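Remarks on the overall topology
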Amino acid sequence: KKYDGKLLLRLEDTNPENIYEKAYHMIPEDAQWLTRGNIADVIIQSDRLGQYYDYAEKIVDMGKGYVCMCNPDAFKKLLSSGKACPCRDLSAKEQHVRYDKMFGEYKPGEAVLRMKTDITHKNPAMRDFPILRINESPHPRQGEKYKIWPLMNFAVAIDDMDTGVTHTLRGKDHADNAKRQEFIHAALKVDTPISISVGRINFTGTDVEVSCSKTRAMIESGHFEGWQDIRIPFIGALKRRGYQ
């Protein structure tokens, strides 16, 4: 209110295998209630694949990313010892050939696009993390139109740039992710939003922990009546219990 800011709600649906279709309307509905109608816009990531591809290609052009075809276990061993994999130093031409093949020839698990960072970074989680991968599973919203999907950190970093985000609100468990996004922004020479970390909120008098996957399974098995069942700690249920 003080700075005439806008609150954006982002739906991160870039993992075709793990999407709950009802959430497309449930999350905005809950968020509008929670903020008294102050969500300015809802961003659905699976509608933005073209933008992610454009930036990924730019990162390859700049020599800031590379297509890795290493066995995941072998790569992990190299990573833990601070050593680069053979894919890292291939020519820009070869990287482009590999990048193009991700969209046609390569199959899931054969190749990922990695961000080129500091291979000796003191935090192993920061070392050459993946930003694009192949997944041919049908998407509830996009069908079989796409097979290349951004990982969370890349999609989020690009969204923040494109939508002019100045401050992000995220759980404390995403501290490392915030740092990965800084690497992406630095490579693209843009400012990183100020990250505001929030702790987890728990509730008493409920029959299950704050876990979407566990609660969903219990709803589908008939243990709970639905997302408004007052025994669970979710927005619809809390609203029904009388929380403001």
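Let me sum up the structure you'll find in this document. (Residues numbered from 1 in each chain as written. Predicted model: local features only at pLDDT ≥ 70, side-chain atom pairs only at ≥ 80, totals over all residues. Heavy atoms only, no water.)

Turning to the overall build of the chain, a few remarks are in order. Within the chain one finds eight helices and eight strands. Overall, the chain is about 60 × 45 × 35 Å in size when its C-alpha atoms are taken along their principal axes. Each of the 244 residues in the chain was classed as buried or not, and the buried ones make up 42%. For the chain, contacts bridging at least 24 residues in sequence account for 63% of all contacts bridging at least 6. For the chain, the accessible area works out to roughly 14200 Å², and carbon and sulfur atoms hold 50% of it. (Helix = DSSP H or I, 4+ residues; strand = E, 2+ residues; numbered from the N terminus. Buried < 20%, exposed > 50% of the residue type's maximum accessible area, 1.4 Å probe, protein only. Contact = heavy atoms within 4.5 Å. Areas by Shrake-Rupley, 256 points an atom, 1.4 Å probe, with all protein chains shown as cover.)

Under the criterion given, the structure shown has 12 salt bridges. As a salt-bridge pair, D47 and R141 come within 3.0 Å of each other at their nearest N and O atoms. Here the residue D47 occupies a position in the loop between β2 (39-44) and α2 (49-61), and R141 occupies one in the loop between β5 (130-134) and β6 (148-150), the gap between them amounting to 94 residues. Taking the relative accessible area as the measure of exposure, D47 reaches 43% and is therefore partly exposed. Classification of R141 as partly exposed rests on a relative accessible area of 40%. For the salt bridge of K147 with E136, the shortest nitrogen-to-oxygen distance reads 3.6 Å. (Salt bridge = Lys/Arg side-chain N within 4 Å of Asp/Glu carboxyl O.)

Further remarks concern the environment of Q51. Position of Q51 relative to the elements: it lies in helix α2. For the pair Q51 and A155, spaced 104 residues apart in sequence, the C-alpha to C-alpha distance is 9.2 Å.

Note that strand β7 (residues 167-171) and strand β8 (residues 194-198) share five bridges and pair parallel. The residue of β8 that forms the bridge with T168 is S195. (Pairing = 2+ DSSP bridges.)

For the rest of this paragraph, the subject is the pairing of β2. The side chains of a regular strand alternate between the sheet's two faces. In the sheet, strand β1 (residues 7-11) pairs with β2 via five bridges, with the strands oriented parallel. Within β2, the position partnered with L9 by the bridge is V42. For the crossover from β1 across helix α1 (residues 23-34) to β2, the handedness is right-handed. (Right-handed = clockwise from strand over helix to strand, strands pointing away.)

If you walk through the whole model with that rule in mind, you get seven aromatic pairs. Taking 5.2 Å as the distance between ring centres and 70° as the angle between the ring planes, the aromatic pair formed by Y99 and F103 counts as edge-to-face. We classify Y99 as buried; its relative accessible area is 3%. When its relative accessible area of 33% is taken as the criterion, F103 is described as partly exposed. Ring geometry for W227 and F234: centres 5.2 Å apart, planes at 80°, overall edge-to-face. Considered together, W227 and F234 belong to a single accessibility category, that of buried residues. Sitting over the ring of F75, R114 keeps its end group 3.6 Å from the ring centre. The residue whose ring lies beneath R141 is Y24, and the NZ or CZ to ring-centre distance is 5.6 Å. (Phe/Tyr/Trp six-rings, centres within 6.5 Å; stacked < 30°, edge-to-face > 60°. Lys NZ or Arg CZ within 6 Å of the ring centre and 35° of its normal.)

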